[in-house]
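If you want the building blocks of each chain, they are given just below.
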Amino acid sequence: VLQKWVNREITNFDYLIQLNTMAGRTYNDLAQYPVFPWILRDYTSEELDLNNPAVFRDLSKPIGVVNEKNAKAVKEKYENFEDPLGIIDKFHYGTHYSNAAGVMHYLIRVEPFTTLHIQLQSGRFDCADRQFHSIPATWQTLMDNPNDVKELIPEFFYFPEFLENQNGFNLGQLQISKEVVNDVVLPKWAHSPEDFIYKHRKALESEYVSAHLHEWIDLIFGYKQRGPAAVEALNVFYYCTYEGAVDLDALTDEKERKALEGMINNFGQTPCQL
């Protein structure tokens, strides 16, 4: 697969899907859903110029520190963390870039994810301000908040329907602006959900992304996923998210095991290292 990708016999999209599959990710498990990168950082221009490197996100950095301003806080958190019991290793992020709630967050307008979201929120929609209502606003939150590290899901590159409230769900209104949450607000350069998907996919297959995609793959699937390289790259997550970090079969206490399983399922899991 690597050779095919290098020879440009398969697209960047196909390559990412294949890597996700090899690393144990599947559409059948929300806790291990395929993970895709944010690739752009320009969500405000009238036109999207894919020949300009400045419109792309820096793929060599974890999403939590794409904004340089967050790096210092993330580093300090890691250096100052001490677990008195010695069980929990130091980490940069207490949240994860891929988890079940995140998948439901993006796909809230489409069944069966709507129902799953409502079940997760004890029988009702989460408050409007916390919902996925705007692509530019979601990016801005990522830039401002080092604790929000959600990457994307594959649907952002092929499935325009998830951006529309075709079922007419009542998703409430934003507290400050009183704006009703309906279809997802798109970047200015996208004139419709289809146009967004078309341009976003084009960006994924662009020359810039083809030349830098391996840097992101190293962080998520490769050598910067754990160990000294991960520490240096500011890419260490909570210990429970890593494959093999917890031996569930060794836990004799049923309650403890259930609690840990629940945490792993809800918290997010780092893909198997390839």
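All of these numbers come straight from a predicted model, not from anything done at the bench.

1. Quick word on the overall build of the protein
Part 1 of the reasoning: Helix and strand counts for the protein stand at ten helices and zero strands.
Part 2 of the reasoning: Moving toward the C terminus, one meets the helices and strands of the protein in the order α-α-α-α-α-α-α-α-α-α.
Part 3 of the reasoning: Seen along its three principal axes, the alpha-carbon backbone of the protein occupies a region of about 55 × 50 × 35 Å.
Part 4 of the reasoning: Buried residues in the protein amount to 47% of all 274 residues.
Part 5 of the reasoning: Taking contacts inside the protein between residues at least 6 apart in sequence as the whole, the part at least 24 apart equals 68%.
Part 6 of the reasoning: Summed over all atoms, the accessible surface of the protein reaches about 13,700 Å², with 52% contributed by carbon and sulfur.

2. Side note on the UniProt feature "domain: BEACH" (unreviewed entry) in the protein
Part 1 of the reasoning: The residues that UniProt annotates with the feature "domain: BEACH" (unreviewed entry) are residues 1-274.
Part 2 of the reasoning: Between the C-alpha atoms that bound residues 1-274 the distance is 13 Å, and the span itself is 36% helix and 0% strand.

3. A closer look at helix H10 (residues 254-267)
Part 1 of the reasoning: The end-to-end C-alpha separation of H10 is 20 Å, in line with the 20 Å expected for 14 residues at 1.5 Å each.
Part 2 of the reasoning: The opening residue of H10 is Asp-253, an N-cap whose side-chain oxygen sits 3.0 Å from the backbone nitrogen of Lys-255.
Part 3 of the reasoning: Phi turns positive one or two residues past the end of H10, at Gly-268, with a value near 115 degrees.

4. A look at the packing of helix H2 (residues 12-22) against helix H8 (residues 207-220)
Part 1 of the reasoning: Taken N-terminus to C-terminus, the directions of H2 and H8 make an angle of 15 degrees; their axes are 11 Å apart at the nearest point. Considering the angle they form, H2 stands roughly parallel to H8. Crossing handedness for the pair H2 and H8: right-handed. The residues of H8 that touch H2, namely those facing Asn-12, Tyr-15, Leu-16 and Leu-19, are Val-209, Ser-210, Leu-213, Trp-216 and Ile-217.
Part 2 of the reasoning: A breakdown of the residues in the contact of H2 with H8 according to their chemical character gives seven nonpolar, two polar and no charged.

5. Here's the deal with the pattern of salt bridges
Close approach of charged atoms allows side chains with opposite charge to pair.
Part 1 of the reasoning: One pass over the structure, following the stated rule, counts 13 salt bridges.
Part 2 of the reasoning: As a salt-bridge pair, Asp-58 and Lys-61 come within 3.8 Å of each other at their nearest N and O atoms.
Part 3 of the reasoning: For Lys-61, a relative accessible area of 24% gives the class partly exposed.
Part 4 of the reasoning: Among the ionic pairs, Glu-68 bridges to Lys-61, the shortest N-O distance being 2.8 Å.
Part 5 of the reasoning: Beyond isolated ion pairs, a larger network of salt bridges with shared partners links Asp-58, Lys-61 and Glu-68.

6. Here's the deal with the side chain of Asn-12
Part 1 of the reasoning: Within the element layout of this structure, Asn-12 appears in helix H2.
Part 2 of the reasoning: With sequence-adjacent residues up to four places away left out, Asn-12 is seen in contact with Trp-5, Leu-204, Glu-205, Ser-206, Val-209, Ser-210 and Leu-213.

Cut-offs and rules
Residues numbered from 1 in each chain as written. Predicted model: local features only at pLDDT ≥ 70, side-chain atom pairs only at ≥ 80, totals over all residues. Heavy atoms only, no water. Helix = DSSP H or I, 4+ residues; strand = E, 2+ residues; numbered from the N terminus. Buried < 20%, exposed > 50% of the residue type's maximum accessible area, 1.4 Å probe, protein only. Contact = heavy atoms within 4.5 Å. Areas by Shrake-Rupley, 256 points an atom, 1.4 Å probe, with all protein chains shown as cover. UniProt positions renumbered as here; feature names shortened; annotations may be inferred. Expected span 1.5 Å × (residues − 1). Polar contact = N/O pair within 3.5 Å; in protein donor to acceptor, adjacent residues only side chain to side chain. Axes fitted to C-alpha atoms, helices over the stretch in contact; angles between N-to-C directions. Parallel < 35°, antiparallel > 145°, perpendicular 65-115°, else oblique. Left-handed = near helix turned anticlockwise from the far one by under 90°. Nonpolar A, V, L, I, M, F, W, Y, C, P; charged D, E, K, R; others polar. Salt bridge = Lys/Arg side-chain N within 4 Å of Asp/Glu carboxyl O.

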